[in-house]
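Each chain is listed here by its residues.
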Amino acid sequence: MTPASNLSRVPPDSVALHYTGLFSPQNITAMGEVIKVFLENQQAPVKVRRRLFSSFVEIVQNILRYSQDSRSTSHAEQDFRFGTVTLHVEGDNYVLESSNQVDEVACEQLRYWLDLLRTMSNEEIKQAYRVGLRAESPATSKGANIGLLTLARDVSEPLEYELRPLAANGYATFWLKATIHQD
Amino acid sequence: MQNLVIAATESTPEVSFDFAAGQFALRGESWPENAAAFYRPLLDALENWQPQPGGDVEVNIALRYFNSSSTKMLFSLFDLFNQRAQSGQTVALNWFFDAEDDVSEEFGQELALDFTDLQVNLQAEMAS
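Nothing here was measured: the structure is a model prediction, and the numbers come from that model.

### Some details on the overall build of chain A
At step 1: Regarding its fold elements, chain A presents 5 helices and 6 strands.
At step 2: Ordering the α and β elements of chain A from the N terminus gives β-α-α-β-β-β-α-α-α-β-β.
At step 3: Looking at chain A as a whole, 49% of its 183 residues are labelled buried.
At step 4: Of the roughly 9000 Å² that chain A leaves accessible, carbon and sulfur atoms contribute 52%.

Shown next as structure tokens:
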């Protein structure tokens, strides 16, 4: 798998959006608007726009819910959590990358489900999504959550990821790459 | 029962629940961070609704985009309408989608499979 540090080799003019910092519902909405305008200007087909926008929302809402990091804060019962998200164009593909810290439990669950999703065909993922729609949410909603299934359904290539434990704090860094073809 | 009308925001749909007329609609986009908080009042209102027997109900859903946590809440919403249909009301669910949006079309097909007491009509005619 490609390490996240490859990002530094992305030519700056191919980057549509890059954000590192605390995520809030408000700045997610604002970033979503930017991505919509970018895709409209690119005159991307409706199905591509939908898949890319959907993937973006699932990725950043997961950061907002699950990122574990000392760099977090809260305001009016809303947690703001720390992470990074980038959208760039790579050849004929749109690429979303994200990075944030997760705790040990999330680390194991992510590894289990992402490894499983990577072995599944498109049809198997669709079928798992249909089942997931009807399933009661697990208590933590961290299981084979409908968010990961939605992401797996929308991407054009298997999700790439890396989980690297951090000795210092017991957390792991989670890097995720979602690729969506332009046509 | 008081109508429920909520204006659309960037991440939540316009809501129009006219209980007396049996006309219900969601239009726009649905990707709030906390979908349960947005949909809970809608579900509560529907649960408390005591319609006149025999009245027809029409539900129009035109969502250009919905996130994964909204899909769960939409299933709960349609389940309540399905229960109304089981207790004798005629309930039509019109699912509007962009003709090029296969994800939304497939979601509509899933609804038709699950909520067999609703008359689910897939309508490929949303203006994008």
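### Observations concerning the UniProt feature "domain: SiaC family regulatory phosphoprotein" (unreviewed entry) in chain B
At step 1: According to UniProt, the positions carrying the feature "domain: SiaC family regulatory phosphoprotein" (unreviewed entry) are residues 6-124 of chain B.
At step 2: Between the first and last C-alpha atoms of residues 6-124 of chain B the distance is 25 Å; the span itself is 39% helix and 29% strand.

### Examining the interface of chain B and chain A
At step 1: Listed by partner, the interface residues are 25 residues for chain B and 32 residues for chain A.
At step 2: Surface buried jointly by chain B and chain A totals about 2400 Å² across both partners, of which 50% is contributed by carbon and sulfur atoms.
At step 3: The largest per-residue losses of area from chain B upon contact with chain A belong to W31, E33 and K72 of chain B, which jointly make up 29% of the total buried on that side.
At step 4: Applying the counting criterion to the chain B and chain A interface returns 7 salt bridges.
At step 5: R130 of chain A is the salt-bridge partner of E110 of chain B, the closest N and O atoms lying 3.0 Å from each other.
At step 6: In this assembly, chain B and chain A are joined by 11 residue pairs in polar contact (both at pLDDT 80 or more).
At step 7: Among the elements that line the side of chain B that touches chain A, the one with the most residues is helix 3 (residues 102-114) of chain B, at 7 residues.
At step 8: The residue inventory of the side of chain B that touches chain A, partitioned by class, reads 7 nonpolar, 6 polar and 12 charged.

### Some words on the pattern of salt bridges
A pair can form between side chains of opposite charge whenever their charged atoms are brought close.
At step 1: Under the defined criterion, the tally for this structure stands at 18 salt bridges over all chains.
At step 2: The closest approach of N and O atoms between D101 of chain B and R50 of chain A, which form a salt bridge, is 2.9 Å. Here R50 of chain A lies in helix 2 (residues 46-66) and D101 of chain B lies in the loop between strand 5 (91-96) and helix 3, a pairing that spans two chains.
At step 3: The exposure class of D101 of chain B is buried, given its relative accessible area of 4%.
At step 4: Taking the shortest distance from any N to any O, the salt bridge between R130 of chain A and E123 of chain A comes out at 3.7 Å.
At step 5: One continuous salt-bridge network, built from bridges that share partners, spans E33 and K36 of chain A together with E29 and R64 of chain B.

### Thoughts on the packing of helix 1 (residues 25-41) of chain A against helix 2 of chain A
Residue and element names in this part refer to chain A.
At step 1: Two elements in contact, helix 1 and helix 2, have axes separated by 10 Å at closest approach and are oriented at 160°. In terms of orientation, helix 1 lies roughly antiparallel with respect to helix 2. Read as a crossing pair, helix 1 and helix 2 show a hand that is right-handed. Contacts between helix 1 and helix 2 involve P25, I28, M31, G32, I35, K36, L39 and E40 from the first element and R49, L52, F53, F56, V60, Q61 and L64 from the second.
At step 2: Its residues assigned to classes, the contact of helix 1 with helix 2 comprises 10 nonpolar, 2 polar and 3 charged.

### Some thoughts on the packing of aromatic side chains
At step 1: One pass over the structure, following the stated rule, counts 19 aromatic pairs over all chains.
At step 2: Ring centres 6.1 Å apart and planes at 90° place the aromatic pair F17 of chain B and F19 of chain B in the edge-to-face group. Summarising the burial analysis for this pair, F17 of chain B and F19 of chain B share the class buried.
At step 3: Site record: aromatic cluster; members linked through ring pairs are F66, F75, F78, W95, F107 and F115 of chain B.
At step 4: In this structure, R50 of chain A packs its charged tip against the face of F66 of chain B, placed 4.8 Å from the ring centre.
At step 5: Note that R153 of chain A overlies the ring of Y129 of chain A, its terminal NZ or CZ placed 4.5 Å from the centroid.

### So, the nonpolar core
At step 1: Grouped together as the largest cluster of nonpolar side chains are 81 residues, with contacts concentrated most on L26 and F78 of chain B.
At step 2: No other element matches helix 2 of chain A, which puts 9 residues into this core.
At step 3: Not counting the four nearest positions on each side in its chain, F78 of chain B is found in contact with I61, L93, W95, L111, F115 and L118 of chain B.

### Some remarks on the environment of V103 of chain B
At step 1: Examined against the element boundaries, V103 of chain B turns out to sit in helix 3.
At step 2: Distance in space between the C-alpha atoms of V103 of chain B and Y65 of chain B is 9.5 Å, their sequence separation being 38 residues.

### A short note on the sheet that holds strand 3 (residues 23-30) of chain B
Residue and element names in this part refer to chain B.
At step 1: A sheet is described by the order of its strands in space; here 6 strands give the open sequence 1-2-3-4-5-6, paired in mixed fashion. What marks the edges here is a single partner per strand, and that holds for strand 1 (4-6) and strand 6 (119-123). Across the sheet, the mean angle from the axis of one strand to that of its neighbour is 15°, orientation sign disregarded.
At step 2: Looking at chain direction, strand 2 (residues 14-18) and strand 3 are connected through 5 bridges and run antiparallel. Within strand 3, the position partnered with S16 by the bridge is A25.

About the criteria used
- Residues numbered from 1 in each chain as written.
- Chains lettered and ligands numbered in written order.
- Predicted model: local features only at pLDDT ≥ 70, side-chain atom pairs only at ≥ 80, totals over all residues.
- Heavy atoms only, no water.
- Helix = DSSP H or I, 4+ residues; strand = E, 2+ residues; numbered from the N terminus.
- Buried < 20%, exposed > 50% of the residue type's maximum accessible area, 1.4 Å probe, protein only.
- Areas by Shrake-Rupley, 256 points an atom, 1.4 Å probe, with all protein chains shown as cover.
- UniProt positions renumbered as here; feature names shortened; annotations may be inferred.
- Contact = heavy atoms within 4.5 Å.
- Buried area = accessible area lost by both parts, 1.4 Å probe.
- Salt bridge = Lys/Arg side-chain N within 4 Å of Asp/Glu carboxyl O.
- Polar contact = N/O pair within 3.5 Å; in protein donor to acceptor, adjacent residues only side chain to side chain.
- Nonpolar A, V, L, I, M, F, W, Y, C, P; charged D, E, K, R; others polar.
- Axes fitted to C-alpha atoms, helices over the stretch in contact; angles between N-to-C directions.
- Parallel < 35°, antiparallel > 145°, perpendicular 65-115°, else oblique.
- Left-handed = near helix turned anticlockwise from the far one by under 90°.
- Phe/Tyr/Trp six-rings, centres within 6.5 Å; stacked < 30°, edge-to-face > 60°.
- Lys NZ or Arg CZ within 6 Å of the ring centre and 35° of its normal.
- Core = buried A, V, L, I, M, F, W, Y, C linked by side-chain atoms within 4.5 Å.
- Pairing = 2+ DSSP bridges.

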